[in-house]
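Chain residues, written in single-letter form:
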Amino acid sequence: MRLLVSLGLRRASQWQRLTLLDHLLLSPLTFITIQLYHLLVWLRGRPFRPPRGKAPVRVVCISDTHDLTVHVPDGDILVHAGDLTNDGTAADVQKQLDWLRGFAHPVKIVVAGNHDSYFDPRSRRQEDVRAKAKVQLGDILFLQGDMTVQEVNGRKISIFGAGDVPECGPTEFAFQYTPVTQPWYNRIPPQTDILVTHTPPKHHLDLDLGCPHLLREVWRVKPRLHIFGHCHWAYGQEAIYFDEMQAAYETLLSRPRRGPILDFIPNRSWIYMWKVVYYGVQGVAWKWLMGGPRSNQGSIMVNAAQMVGDTGRIKSRAVVVDI
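Note that the coordinates shown come from a computational prediction; the quantities given were computed from them, not determined experimentally.

**Remarks on the pattern of salt bridges**
Then comes step 1: Scanning the entire structure with this criterion turns up nine salt bridges.
Then comes step 2: The partner of R122 in a salt bridge is D120, and the shortest N-O contact between them spans 3.0 Å.
Then comes step 3: D120 gets classed as buried once you look at its relative accessible area, which sits at 3%.
Then comes step 4: The closest approach of N and O atoms between K202 and D208, which form a salt bridge, is 3.4 Å.

**What to know about the UniProt feature "transmembrane region" (unreviewed entry) in the chain**
Then comes step 1: Per the UniProt record, "transmembrane region" (unreviewed entry) is found at residues 24-43.
Then comes step 2: Secondary structure content for residues 24-43 is 95% helix and 0% strand, while the C-alpha to C-alpha distance between its ends is 25 Å.

**Topic: the sheet that holds strand β1 (residues 58-62)**
Then comes step 1: Spatially, β4-β3-β2-β1-β13 is the arrangement adopted by the five strands of the open sheet, whose pairing is mixed. What marks the edges here is a single partner per strand, and that holds for β4 (140-142) and β13 (319-322). Neighbour-to-neighbour, the strand axes of the sheet open up by a mean angle of 20°, direction not taken into account.
Then comes step 2: Where strand β2 (residues 77-80) lies against strand β3 (residues 107-110), four bridges are found, and the strand directions are parallel. The residue of β3 that forms the bridge with L78 is K108.

**Points about the UniProt feature "domain: Calcineurin-like phosphoesterase" (unreviewed entry) in the chain**
Then comes step 1: Here the UniProt-annotated "domain: Calcineurin-like phosphoesterase" (unreviewed entry) positions come out as residues 58-232.
Then comes step 2: End-to-end, the C-alpha atoms of residues 58-232 are 23 Å apart, and along that stretch the chain is 16% helix and 25% strand.

**Thoughts on the environment of K275**
Then comes step 1: By the element assignment, K275 lies in helix α9 (residues 268-290).
Then comes step 2: Taking the relative accessible area as the measure of exposure, K275 reaches 36% and is therefore partly exposed.
Then comes step 3: Every residue in contact with K275, bar those within four places of it in the chain, is listed here: A248 and G280.

**Looking at the pairing of β13**
Then comes step 1: Where burial is concerned, the two faces of β13 differ: the one with V319 and V321 is buried and the one with V320 and D322 is not.
Then comes step 2: Sheet topology note: the β1/β13 ladder contains four bridges and is antiparallel. Following the sheet pairing, R58 is matched in β13 by D322.

**Regarding the nonpolar core**
Then comes step 1: Ranked by size, the top nonpolar core spans 33 residues in total, and within it Y37, W184, I188 and L214 carry the most contacts.
Then comes step 2: Secondary structure elements with two or more residues in this core: α3 (28-44), β6 (155-162), α6 (212-221), β11 (236-241), α7 (244-254) and α9.
Then comes step 3: With sequence-adjacent residues up to four places away left out, W184 is seen in contact with A162, D164, Y177, T197, T199, C211, H213, L214 and E217.
Then comes step 4: Listed in part, the 24 residues of the second largest apolar core include V59, I77, V79 and V302.

**Side note on the state of the cysteines**
Then comes step 1: If you walk through the whole model with that rule in mind, you get zero disulfides.
Then comes step 2: Considering cysteine sulfurs only, C168 is the nearest to C231, which forms no disulfide, with 9.0 Å between them.

Reading the values: rules and limits
Residues numbered from 1 in each chain as written. Predicted model: local features only at pLDDT ≥ 70, side-chain atom pairs only at ≥ 80, totals over all residues. Heavy atoms only, no water. Salt bridge = Lys/Arg side-chain N within 4 Å of Asp/Glu carboxyl O. Buried < 20%, exposed > 50% of the residue type's maximum accessible area, 1.4 Å probe, protein only. UniProt positions renumbered as here; feature names shortened; annotations may be inferred. Helix = DSSP H or I, 4+ residues; strand = E, 2+ residues; numbered from the N terminus. Pairing = 2+ DSSP bridges. Axes fitted to C-alpha atoms, helices over the stretch in contact; angles between N-to-C directions. Contact = heavy atoms within 4.5 Å. Core = buried A, V, L, I, M, F, W, Y, C linked by side-chain atoms within 4.5 Å. Disulfide = S-S within 2.5 Å.

Okay, here's the thing in structure tokens:
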């Protein structure tokens, strides 16, 4: 195993992407379905359009800067999805806030990450507690289970943010929860246009470490844009559709991986694979041949982590989305 890791054929930890060999050893059928799913989503094109006659709102997405700074393009809304710092002290948080305050974006949104201990009284560093340290937000809107409605380009945009993450480290990590104490049930207002969390939802840009409870909330609310970070190696964006193809894909990914031999013995996973293909092709036809009602019913998910894995280096590639 160590030899395969050193050769780059197997991943070293769950916080890294699965290699091709990892995929094939776990489940060739699932790997093939993932490729088909992403092809079908790509063929369906952009999942939504800005309202007719309205100017688009440009959202600039970053996350997981961990005390470092990155290039930030111009836009209407700047979102930082948590882990501004490594140690989470008030002083470190303030440095990152001062950097963000220097940008001219009319709306600036920040949620905490698990490393941003200052924002959670349960995990706040003792030196900050003793000093009764405070941070100055200025024009930054910090959200922790809160919604803000902002008027941008003549449109009202509803933004909900929360930094809660599944338990993943020591008590010094902020806003951790267990499966029993998960905070998502009916928490996000249904009118949310932009959802900002630190944790990803399950099965989407998450290295399979995302939260299934958050995914259920996303299905209920169906925000136009969901921004998160936390899993550095899963950086990127993807379109999703709240339909039968999406449900079949997520159900398949939630099933146990049977290995390269048992995969080829007929089982229920085959059914979900064919559902992904069937409903995916149907979705492509609706989009391009008939322009049907499902052609504007999707969302964009963004993992905006700027840290290159666990290397300590920054990629400095903000994700820009027009909604």
